[in-house]
Amino acid sequence: MKDIFQEAVQFDPWIFQIYQLSLLKPAKQLLLSSWKQIVDDNKLYLNLLTCFQHLYSKDLHNAIQLEISNNLKMPIKLYIIKNDNFVEKTPIEYLYILYTNKIVQLKQKILIDPNTKIIQSLFNAKFYEEDIQIF
């Protein structure tokens, strides 16, 4: 999971900033479900996908604004807007894409592993990538 996090931060440094904040889980879920847009030094727009609008509350908005201001050591004005621009990716989407790719890579490694080959030859078994479940 650490590798996935490090790769995700390369795609979107906002992910690292989110994990540096001292916020409760609901606030972090909201942040992970939105992409960041900075208009100027003290205005921050979070673009929240409509399917995650149920995470929003005014209390959460205030807590996030206060924590980000404290973290940046300057007052910021936070705007959270609904935006279904599917060109931009949210941190949770980056993490999902990377996690899915890792699962595919693991399945492929299992199929070419010498131990898997031994099992296949001993039991006349066949393994298919789509049959391998990772929990």
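Please refer to the structure placed before this passage.
These lines cover the structure that appears in this document, whether it is placed above or below. Fair warning: this is a prediction, and the values are worked out from it, not measured in the lab. (Residues numbered from 1 in each chain as written. Predicted model: local features only at pLDDT ≥ 70, side-chain atom pairs only at ≥ 80, totals over all residues. Heavy atoms only, no water.)

### Looking at the overall build of the protein
- Along the backbone of the protein there are 6 helices and 3 strands.
- Overall, the protein shows an N-to-C arrangement of helices and strands of α-α-α-β-β-α-β-α-α.
- Compactness check: the protein gives a C-alpha radius of gyration of 20 Å against a globular reference of 14 Å for 135 residues, more than 25% above the reference.
- By principal-axis analysis of the C-alpha atoms, the protein measures approximately 65 × 25 × 25 Å.
- Per-residue burial over the protein gives 30% buried out of 135 residues.
- Counted over contacts in the protein with a minimum sequence separation of 6, partners at least 24 positions apart contribute 57%.
- For the protein, the accessible surface area stands at approximately 9,300 Å², while carbon and sulfur atoms represent 58% of it.
- Computing the positive centroid from 15 side-chain charges and the negative centroid from 14, the protein places the two 3 Å apart. (Helix = DSSP H or I, 4+ residues; strand = E, 2+ residues; numbered from the N terminus. Rg over C-alpha atoms; globule rule 2.2 N^0.38 Å. Buried < 20%, exposed > 50% of the residue type's maximum accessible area, 1.4 Å probe, protein only. Contact = heavy atoms within 4.5 Å. Areas by Shrake-Rupley, 256 points an atom, 1.4 Å probe, with all protein chains shown as cover. Lys, Arg positive; Asp, Glu negative; His and termini not counted. Charge placed at Lys NZ, Arg CZ, Asp CG, Glu CD.)

### Thoughts on the pattern of salt bridges
- Following the criterion strictly, the structure yields 1 salt bridge and no others.
- The residue Glu 7 makes a salt bridge to Lys 102 at a minimum N-O spacing of 3.0 Å. With Glu 7 in helix α1 (residues 2-11) and Lys 102 in helix α5 (residues 91-112), the pair connects residues that are 95 residues apart, well separated along the chain.
- When its relative accessible area of 27% is taken as the criterion, Glu 7 is described as partly exposed. (Salt bridge = Lys/Arg side-chain N within 4 Å of Asp/Glu carboxyl O.)

### Regarding the nonpolar core
- In terms of nonpolar packing, the biggest core is built from 18 residues, with Leu 30, Leu 31, Leu 46, Ile 64, Ile 68 and Leu 78 touching the most fellow members.
- Residue assignment for this core shows that the elements contributing at least two residues are α2 (14-20), α3 (25-32), β2 (43-48), α4 (58-72) and β3 (77-82).
- For this core, the element with the most residues is α3, which contributes 4 residues.
- Those residues in contact with Ile 64 that lie beyond four places of it in its chain are Leu 23, Ala 27, Leu 30, Leu 31 and Leu 78.
- The next biggest cluster of nonpolar side chains, apart from the first, holds 5 residues, and it includes Ile 4, Ala 8, Leu 95 and Leu 98. (Core = buried A, V, L, I, M, F, W, Y, C linked by side-chain atoms within 4.5 Å.)

### Observations concerning the sheet that holds strand β1 (residues 34-40)
- One open sheet holds the 3 strands; their spatial order is β1-β2-β3, and the pairing between them is mixed. Taken across any chain shown, the strands that pair with only one partner, and hence form the sheet edges, are β1 and β3. Neighbour-to-neighbour, the strand axes of this sheet turn through a mean angle of 25 degrees, independent of strand direction.
- The sheet contact formed by β1 and β2 spans 6 bridges and is antiparallel. Counted as the bridge partner of Ile 38 is Leu 44 from β2.
- Sitting on the sheet, α3 touches β1, β2 and β3, and the angle it makes with β1 is about 75 degrees. (Pairing = 2+ DSSP bridges. Axes fitted to C-alpha atoms, helices over the stretch in contact; angles between N-to-C directions.)

### Thoughts on the packing of aromatic side chains
- Applying the stated criterion across every chain, the model contains 1 aromatic pair.
- Ring plane angle 15 degrees and centroid distance 4.7 Å describe the contact between Tyr 45 and Tyr 79, whose orientation is recorded as stacked. Linking Tyr 45 in strand β2 with Tyr 79 in strand β3, this pair joins segments that are 34 residues apart in sequence.
- Relative accessible area serves as the criterion here: at 23%, Tyr 45 is assigned to the partly exposed category.
- Sitting over the ring of Tyr 79, Lys 77 keeps its end group 5.8 Å from the ring centre. (Phe/Tyr/Trp six-rings, centres within 6.5 Å; stacked < 30°, edge-to-face > 60°. Lys NZ or Arg CZ within 6 Å of the ring centre and 35° of its normal.)

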